[in-house]
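Spelled out from the first residue to the last, the chains are:
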Number of protein chains: 2
Amino acid sequence: MAPSFVPNGGFAAGKVAPTSVTGRLTSVYSEVQNSRIDYELPLPSVLQRPFKIVDGPRSSAAGNADEIAKLFPHLFGQPSAMLVPSETETLPSDQKLKIGVVLSGGQAPGGHNVISGIFDYLQQRTKGSILYGFRGGPAGIMKCKYVELNSDYIYPYRNQGGFDMICSGRDKIETPEQFKQAEETARKLDLDGLVVIGGDDSNTNACLLAENFRSKNMKTQVLGCPKTIDGDLKCKEVPTSFGFDTACKIYAEMIGNVMIDARSTGKYYHFVRLMGRAASHITLECALQTHPNITVIGEEVAAKKLTLKNVTDYIVDVICKRAQVNYNYGVILIPEGLIDFIPEVQQLIAELNEILAHEIVDEGGLWKKKLTDQSLKLFEFLPQAIQEQLMLERDPHGNVQVAKIETEKMLIQMVETELEKRKQEGTYKFEFKGQSHFFGYEGRCGLPTNFDAMYCYALGYGAGVLLHSGKTGLISSVGNLSAPVEEWTVGGTALTSMMDVERRHGKFKPVIKKAMVELEGAPFKKFASLRDDWALNNRYISPGPIQFKGPGADAANHTLLLELGARC
Amino acid sequence: MAPSFVPNGGFAAGKVAPTSVTGRLTSVYSEVQNSRIDYELPLPSVLQRPFKIVDGPRSSAAGNADEIAKLFPHLFGQPSAMLVPSETETLPSDQKLKIGVVLSGGQAPGGHNVISGIFDYLQQRTKGSILYGFRGGPAGIMKCKYVELNSDYIYPYRNQGGFDMICSGRDKIETPEQFKQAEETARKLDLDGLVVIGGDDSNTNACLLAENFRSKNMKTQVLGCPKTIDGDLKCKEVPTSFGFDTACKIYAEMIGNVMIDARSTGKYYHFVRLMGRAASHITLECALQTHPNITVIGEEVAAKKLTLKNVTDYIVDVICKRAQVNYNYGVILIPEGLIDFIPEVQQLIAELNEILAHEIVDEGGLWKKKLTDQSLKLFEFLPQAIQEQLMLERDPHGNVQVAKIETEKMLIQMVETELEKRKQEGTYKFEFKGQSHFFGYEGRCGLPTNFDAMYCYALGYGAGVLLHSGKTGLISSVGNLSAPVEEWTVGGTALTSMMDVERRHGKFKPVIKKAMVELEGAPFKKFASLRDDWALNNRYISPGPIQFKGPGADAANHTLLLELGARC
């Protein structure tokens, strides 16, 4: 059935795989990609034998339960569901389901495996079922743009990175018309269920859809799946979002290489900006994996209300101390969203947004008089390139595009300036050379690690179970992740239980709050207890390229294991 | 004897390896690093059994043989040496050698294995020999800064990336005083031999040292070893320089990930600048490994005398053609040294260097009148950020630092401008979004691939043989690299045979000419025959992370195999 994939790494001639409807099949697979396709995915043992679903107690919300109850009258209070072993099969084996699946938002390694997991469940437990993949994200639901997924179609994407099987998109189903369109699609395809694979916003959206379908007495159940490399969608029942593990390991390989480079050359400070705008989980995890000299965690900067000058001084102090022991090199990690965490910068940006929206920015700089004293001082303190970036780059809503601000270059310049000052004062007398890096896109679409491959497959397979058992408004939840796969738990968590409300334009809107780095959490505390040692002594670790076989190939990341109480 | 290395990937507690004199031992090794230390390196079979050394015919030079003969009166004409199986051992087993080794210039994965190879040869075949590692590059020779290498010292660096075992440096031994210092060190340490691990310049230097020692009747032999990730030090007898294989595979992993990202997102053109200033080998190899939509090869740009406008138009034409088939995304590879290959840019830079050295650059721009018409036109055509980079960044010799010019961003801006024009004309009507990347330092210090690990070990072990047999002025040469390791050939090539002269300040200076991408060579021809297909159809390949075990883990790179006539 499955098309044969010709390995390319062996450099045999005539390697192009047979053309088909999918994009993948027009290309040749590398040897590693090929070898991954048939990587066998173990399932948690509860999924390998007869099971039944046990509901937990009535759930509440993460905050403002009354408001959440009002927003989700049909779903609020739903219990979480957990699979437990059973003597006999408890779900009807003759049921044929029609299920849709959609990928929402930015890519994360493992998305294809979630779809494979759903598909395999349907094939194995509800023979004759149909799985539709909506193309290009939620827009595909609204426009009823879909493809029917079958074995041949899915096969080349197994254990592969990217979202290109059905592609993704950033549209949202928000307005009454859009909900209407989604209803029409669900009715047209006679959908029993829909799985939304996405981040916090998309899962909130999934829950609104579930509520909407339920309120209209439609049979279409809606489930969510936790996706984001940023790692900021998690709670007790959903210990991690998929993709985080792979992305961090890819970045950590690069950081580890740069560390060896730094030590060999002995003359560069490498400033590495890492993806992750809202939360600094990626930066923290990469620090735990590689032991850089300096790591800036946005949440700590915000909690301590640090200024940009404070952050610069901290870096400069470490550089000066290292110079005293003849280390004129180092590696520094910075989260992409750093400047968003700095109160004074947020204030400046807010003022700039206001000015740019309403004033003429004259070349002479008279417009600067509109800034408050504090913001003007900060603005003048910033390197010119950053001033320009703050003035120029606006998204369609008139906001600064933080991801485009090259924070690592900004910090290099600010550190240079400060070190120059200290040279004048006689407290530093070395040559400082900064090298800037941004590790971003190359981490989003890598081949999923064994952990992400297995985790995603279990998430998808578990979603199949939840659909089969009639659940809606849950997020697929796989737990006990520090144990071997066989012992992982499988179930679903009420999406409403993860929600709080935010007031926007005078209305309450439900949100799943982004999980930020907890300064009292085990990962940060471990980092905080070691960073002074890492700063002055070189404790670099180079994880090297991700290995798919051999010792350690299955191990999860530090953040997850520490949060789960494992020693690592 | 060897210190035990505690794996860290398993996250066991108390993992710090025992402290010792080496920097490495203050840090913890990752599981992959640990597993690499004991990776067993097969030797070519000629080195496993008794061998003898057979000299080839008298050699000449790569050009201007008469001048080379004058510059190297004692060495010119030396034959190449080749090891062949023999009935009995032909080298004295009771000889004790004192050998020095030095790493010169930028890092390349595998350097530590060259040193391990030399060390193991000395241990196994000339018991009681001593190996000194000069610290910090050639300066270590001049200042007699060294460390005596022993098993414990070397052990943690086996099959590891970086040059930090003894570190490297960019100093050169050039002046009579510096040669004097080198002589003094050789006499002080009673050196029988010295191995210089470096690029074209360092190997030229090694030959000058060999000539100098010989001319003074000193016993110290000097050998070279071909190192550079850029891949531009090679000839028939030296098929590749070490480090190229690993660096390209690291970059290709990242490019492959970005390709999947491009295809999944469907809206970005990724412009990837790759290390390799003088020659475009890295870019070409990465193209052969990943099949990007557009690849710019500097040597072709130079041969066809293309302008920056030509290059921009080529890219824009492909973007427009792809838009017609609804591909509004793609991946574009650019060599770091691109602008060095463009005649008009070289002219502009030369004029700017002249102006900046002698004129006052006024803000009003009157200085521009000193530019020729053509250069002025080009300067005005460049994006402002690039204009600024061209004006500001000068190295100590007053030259533009090409590596600091963000060519990928420059091209994005130029492509944007041209597409805007075509939009006005109505020949393009889509949204163009460029994303820039520079893959550089993270490739120089990765864990060597199996190929580089084995190749370097053979280079070092072979250097040991050449030293033992009294050779000087040769570069260690391992050949037949498309065959399994067992069949690799081992020998040495006369460094003078690789040389030509350049006239500098009225004097002839010997140089090993950088090996550029040959437009008639097999790698470029294969690329050229496929690029139109790659441009419009997506033939992306994602090599994935380097695997150290499993199928294909030992395969060399496309460039090398194609140059050797292998089908791939």
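None of these values were measured; they are calculated from a predicted model.

Parameters at a glance
Residues numbered from 1 in each chain as written. Chains lettered and ligands numbered in written order. Predicted model: local features only at pLDDT ≥ 70, side-chain atom pairs only at ≥ 80, totals over all residues. Heavy atoms only, no water. Least-squares fit on C-alpha atoms with pLDDT ≥ 70 in both. Contact = heavy atoms within 4.5 Å. Pairing = 2+ DSSP bridges. Helix = DSSP H or I, 4+ residues; strand = E, 2+ residues; numbered from the N terminus. Axes fitted to C-alpha atoms, helices over the stretch in contact; angles between N-to-C directions. Salt bridge = Lys/Arg side-chain N within 4 Å of Asp/Glu carboxyl O. Buried < 20%, exposed > 50% of the residue type's maximum accessible area, 1.4 Å probe, protein only. Parallel < 35°, antiparallel > 145°, perpendicular 65-115°, else oblique. Left-handed = near helix turned anticlockwise from the far one by under 90°. Nonpolar A, V, L, I, M, F, W, Y, C, P; charged D, E, K, R; others polar. Buried area = accessible area lost by both parts, 1.4 Å probe. Polar contact = N/O pair within 3.5 Å; in protein donor to acceptor, adjacent residues only side chain to side chain.

Time to look at the relation of the copies chain B and chain A. Copy one and copy two of the chain differ by a rotation about an axis and a translation along that axis. Screw-axis analysis of chain B against chain A gives a translation of 0.0 Å along the axis, an RMSD of 0.1 Å, and a rotation angle of 180 degrees. Both copies of the chain, as the preceding transformation shows, are related through a two-fold rotation axis. Of the residues that chain B buries at the interface, 100% are likewise interface residues in chain A, meaning the two copies contact each other through the same surface.

So, about the sheet that holds strand β12 (residues 434–439) of chain B. Residues and elements named next belong to chain B. Strand order in the open sheet formed by 4 strands is β10-β11-β9-β12, and the pairing between neighbours is parallel. Each having just a single partner strand, β10 (294–295) and β12 make up the two edges of the open sheet. Strand direction decides the pairing type here: strand β9 (residues 269–274) and β12, joined by 6 bridges, are parallel. The residue of β12 that forms the bridge with Phe271 is Ser436. Packed on one face of the sheet, helix α10 (residues 281–290) meets β9, β10 and β11 (330–335) and runs near 155 degrees to β11.

Two side chains with opposite charge may pair up if their charged atoms get near one another. A full pass over the atoms with the stated rule returns 71 salt bridges over all chains. A salt bridge links B:Glu563 to B:Lys234, with the shortest nitrogen-to-oxygen separation between them at 2.9 Å. With a gap of 329 residues between them, B:Glu563 in helix α21 (residues 558–563) and B:Lys234 in the loop between β8 (221–226) and α9 (244–265) connect regions that are remote in the sequence. Using a relative accessible area of 38% as the deciding quantity, one classes B:Glu563 as partly exposed. Looking at B:Lys234, the relative accessible area reads 16%, which means it is buried. Notably, a salt bridge pairs B:Glu380 with B:Lys368, separated by 3.7 Å at the nearest N-O pair. Here the residue B:Glu380 occupies a position in helix α15 (residues 373–381), and B:Lys368 occupies one in the loop between α14 (343–358) and α15, the gap between them amounting to 12 residues. The structure contains a network of salt bridges with shared partners spanning A:Lys309, A:Asp313, A:Asp317, A:Glu418, A:Lys421 and A:Arg422.

Moving on: the packing of helix α9 (residues 244–265) of chain A against helix α10 (residues 281–290) of chain A. Residues and elements named next belong to chain A. Taken N-terminus to C-terminus, the directions of α9 and α10 make an angle of 50 degrees; their axes are 9 Å apart at the nearest point. Regarding the angle of α9 to α10, the classification is oblique. Judged by the sense of rotation from one axis to the other, the crossing of α9 with α10 is right-handed. Seen from α9, the contacting residues are Phe244, Cys248, Lys249, Tyr251, Ala252, Ile255, Gly256 and Met259; seen from α10, they are His281, Ile282, Glu285, Cys286, Gln289 and Thr290. Its residues assigned to classes, the contact of α9 with α10 shows 8 nonpolar, 4 polar and 2 charged.

Time to look at the sheet that holds strand β12 (residues 434–439) of chain A. If you walk across this open sheet you meet the 4 strands as β10-β11-β9-β12 (chain A), and the pairing is parallel. Here the strands that pair on one side only, and so sit at the sheet edges, are β10 (294–295) and β12 of chain A.

To continue, consider the interface of chain B and chain A. Counting residues at the interface gives 66 residues for chain B and 66 residues for chain A. Between chain B and chain A lies a buried interface of about 5,300 Å² when both sides are counted; carbon and sulfur atoms form 54% of it. A salt bridge links A:Lys409 to B:Glu406; the nearest nitrogen and oxygen atoms lie 2.5 Å apart. The tally of links between chain B and chain A comes to 26 residue pairs in polar contact (both at pLDDT 80 or more). Going through the elements one at a time, α1 (31–37), α9, β12, α18 (441–444) and α21 of chain B are the ones with two or more residues in the side of chain B that touches chain A.

With that settled, the discussion passes to the side chain of A:Asp261. Checked against the element boundaries, A:Asp261 lands in helix α9. Once you skip the residues sitting within four places of it in the chain, A:Asp261 turns out to touch A:Gly266, A:His270, B:Gln107, B:Tyr441, B:Arg444 and B:Cys445.

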